[in-house]
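Topology and contacts: notes
One-letter residues, chain by chain:
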Amino acid sequence: MDFKQGLIIVITGMLGTVGFSLLFKAPKRRILLNAVGGMLTSLVYVLCCMNFEHEFMQNFFPALVATVYAEVMARVVKAPATPILACSIIPLVPGGKLYYTTYYFVISEMEMFNSTLTELLRIASGLAVGIICISVVVHEINRHKFKQIIDVE
Amino acid sequence: MEEKNQNELEKVLSLALDLGKGMVQCGAEINRVEETVLRICYAYNIKKTEVFSVISMVYATVISEKGETHTQMRRIYSNAPNFRRLENLNALSRKICAETPDIDRARKDLEKLLGDKRHFDVFICLGYIVAAMSFAVFFGGSLLDAAAAAPIALILYLMNVYIKSNGVNRLFFTALSAAVIGFLAEVFVHFGFGHNADMIMIGDVMLIIPGLMLINSVREMLCGDVMSGLLRLLESIILAMAIACGFAASMLLTGSIL
């Protein structure tokens, strides 16, 4: 991936995030915040694509960064983190891979179907693990706070 | 006195569950919904609450100090991300927990938040178009592909407003959307409006593909909510199959015409 391609991905990733923020009916005052998140995520994604071969790594680090961003910003603007995360992570959603997987399935190219499906699963698990690493920590902190006022197992 | 107390308990439970249902419908995480219900019940001095939620229902039992139990459940049929409402509901639940207002007043606030329904929204329409255009380029298409993706996104939005809101079967609707995307993309490319049909399709398919749902399901399962994670995973697989069927139909159609 060269510089120009990377730049295109960062810009379109940001615009796509804005589009999805509108589509998800995010509050208007959060759109800039989401756009920065989407840009940051696609920037890290481009950098990871240049440095790592494996799909897991290419998606793990951007997801990690997006989750940290969403959690920090949620504290800053005092809003739930999920909407910010859902919008910022949009550029990583494997829409293309999912499309090709279904496409190969339809035209019954089973070998290609298998390889794209494995890639898709690698991407999805990379994303999920990236998000989990942060949200488990946040969840533990929250639960600790919650435990002080109410006794939950 | 006792009569009133019981009534009060039911009212608190009802309020908490309606709020929880609203949050699930707007796309909140399951553990957040359960926590909200717990917190609201706790704020109204109910010492013991058991709550369980998956994406299609919320279910809770409260036990009063005298040992009476009250159980209610809410069934959830449809959900679509609506983060503006989610944020408002979240703010309301915080307010309820902090101030414990009169239950009837809290309910009136909740009804007001759940009530605002709008049909056609220019901003969402714009969102569809911008998202489709950007992702057509994001995945390697040209600017002409992005231009071709825009009218298809507009049609998708109109379908969403005028067909989906009438309660059409979700699978059928998804397959129909995929078929429309595939058909129009092929037709556009055939007449020289766009270079790569698959880039146009990917850009538009991002709007209906359950990619976010897939990520959320894996995430929920890893967090311990295996039940709702599995439901979400199955739903996203079934939706992906519906998209595949829609593409198959459009390929057959364009193959025989063009």
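Note that residues are indexed from 1 along each chain, following the sequence as it is written. Each chain is given a letter, starting from A, and each ligand a number, starting from 1, according to the order in which they appear as written. Local features in this predicted model are restricted to residues of pLDDT 70 or higher, and side-chain atom pairs are both shown and tallied only at a pLDDT of 80 or more, whereas totals for entire chains, interfaces and linings draw on every residue.

Take the overall build of chain B next. Helix and strand definitions follow DSSP, with helices as H or I runs of at least four residues and strands as E runs of at least two, each counted in order from the N terminus. Looking only at helices and strands, chain B has ten helices and three strands in total. Mapped from its N terminus to its C terminus, chain B presents α and β elements in the order α-α-β-β-β-α-α-α-α-α-α-α-α. Along the first, second and third principal axes, the C-alpha set of chain B runs to 75 × 35 × 30 Å. Across the 258 residues of chain B, 45% fall into the buried class. Residue pairs at least 24 apart in sequence account for 66% of intrachain contacts in chain B once pairs closer than 6 positions are excluded. Any residue surrounded by 20 or more other C-beta atoms within 10 Å of its C-beta is treated as buried, while 12 or fewer makes it exposed and the intermediate range makes it partly exposed; C-beta atoms here are placed from the backbone. Contact between two residues is assigned when their C-beta atoms, built from the backbone, lie within 7 Å.

Okay, the nonpolar core next. Residues and elements named next belong to chain B. Think of a nonpolar core as buried Ala, Val, Leu, Ile, Met, Phe, Trp, Tyr and Cys residues chained together by C-beta atoms that fall within 7 Å. Ranked by internal contacts, the top residues of the largest apolar core, which has 120 residues, are A16, V37, A132, A136, V205 and I243. Top element by residues in this core is helix 5 (residues 122-138). It accounts for ten residues. An automatic or database domain assignment provides the domain bounds reported here. Taken together, domain 1 (2-115) and domain 2 (122-257) each give at least three residues to this core, which thus spans both. Excluding anything up to four places from it in sequence, A16 contacts V37, I40, C41 and A60.

Now for the sheet that holds strand 3 (residues 69-75) of chain B. Residue and element names in this part refer to chain B. At least two DSSP bridges between two strands are required for those strands to pair. Pairing is antiparallel across the open sheet formed by three strands, whose spatial order is 1-2-3. Taken across any chain shown, the strands that pair with only one partner, and hence form the sheet edges, are strand 1 (48-54) and strand 3. The average angle at which neighbouring strand axes cross in this sheet is 10 degrees, direction not considered. The sheet contact formed by strand 1 and strand 2 (residues 57-63) spans seven bridges and is antiparallel. Following the sheet pairing, K48 is matched in strand 2 by I63. In this analysis, axes come from line fits to C-alpha atoms, helices being fitted only over the stretch in contact, and the angle between any two N-to-C directions falls in the range 0 to 180 degrees.

Here we take up the pairing of strand 1 of chain B. Side chains T49(B), V51(B) and S53(B) project from strand 1 of chain B onto a buried face, and the interleaved K48(B), E50(B), F52(B) and V54(B) project onto a face without burial. Between strand 1 of chain B and strand 2 of chain B, which follow one another and run antiparallel, lie two residues.

Attention shifts here to the packing of helix 1 (residues 3-23) of chain A against helix 2 (residues 31-51) of chain A. Residue and element names in this part refer to chain A. At their nearest, the axes of helix 1 and helix 2 sit 8 Å apart, and the two run at 145 degrees to each other. Crossing of helix 1 against helix 2: the hand is right-handed. For the pair helix 1 and helix 2, contact is made by G6, I9, V10, G13, M14, G16, T17, V18 and S21 and by I31, N34, A35, G37, G38, M39, T41, S42, L43 and V46, respectively. Amino acids are sorted into nonpolar (Ala, Val, Leu, Ile, Met, Phe, Trp, Tyr, Cys and Pro), charged (Asp, Glu, Lys and Arg) and polar (every other residue, Gly among them). Considered class by class, the residues forming the contact of helix 1 with helix 2 number nine nonpolar, ten polar and no charged. Note on convention: near helix rotated counterclockwise from far helix by under a right angle means a left-handed crossing. Clockwise means right-handed.

One way to put it is that helix 5 (residues 95-106) of chain A packs onto helix 8 (residues 197-205) of chain B with a least axis distance of 9 Å and a crossing angle of 115 degrees. Both helix 5 of chain A and helix 8 of chain B take part in a crossing whose hand is right-handed. Together, G95(A), G96(A) and Y99(A) of helix 5 of chain A and M201(B), I202(B) and V205(B) of helix 8 of chain B make up the contact between the two elements. Among the residues making up the contact of helix 5 of chain A with helix 8 of chain B, the classes are represented as four nonpolar, two polar and no charged.

All names here are of chain B. In terms of domain boundaries, chain B breaks down into domain 1 (2-115) and domain 2 (122-257). Using only C-alpha atoms to locate each centre, domain 1 and domain 2 end up separated by 34 Å. At the junction of the two partners, domain 1 supplies five residues and domain 2 supplies seven residues. Looking at the side of domain 1 that touches domain 2 residue by residue, the class counts come to three nonpolar, two polar and no charged.

Glancing now at the interface of chain A and chain B. Every contact between the two is made by 40 residues of chain A and, on the other side, 43 residues of chain B. Going through the elements one at a time, helix 1, helix 4 (81-88), helix 5 and helix 6 (110-149) of chain A are the ones with two or more residues in the side of chain A that touches chain B. Residue classes in the side of chain A that touches chain B are distributed as 30 nonpolar, nine polar and one charged.

Residue and element names in this part refer to chain A. Despite not being glycine, K25 has its phi angle at roughly 55 degrees, a positive value. Among the structural elements, K25 can be located in the loop between helix 1 and helix 2. Taking the C-beta count within 10 Å as the criterion, K25 has 23 such neighbours and is therefore assigned buried. One non-glycine residue with positive phi stands out, namely K78, at about 55 degrees. Secondary-structure assignment places K78 in the loop between helix 3 (55-77) and helix 4.

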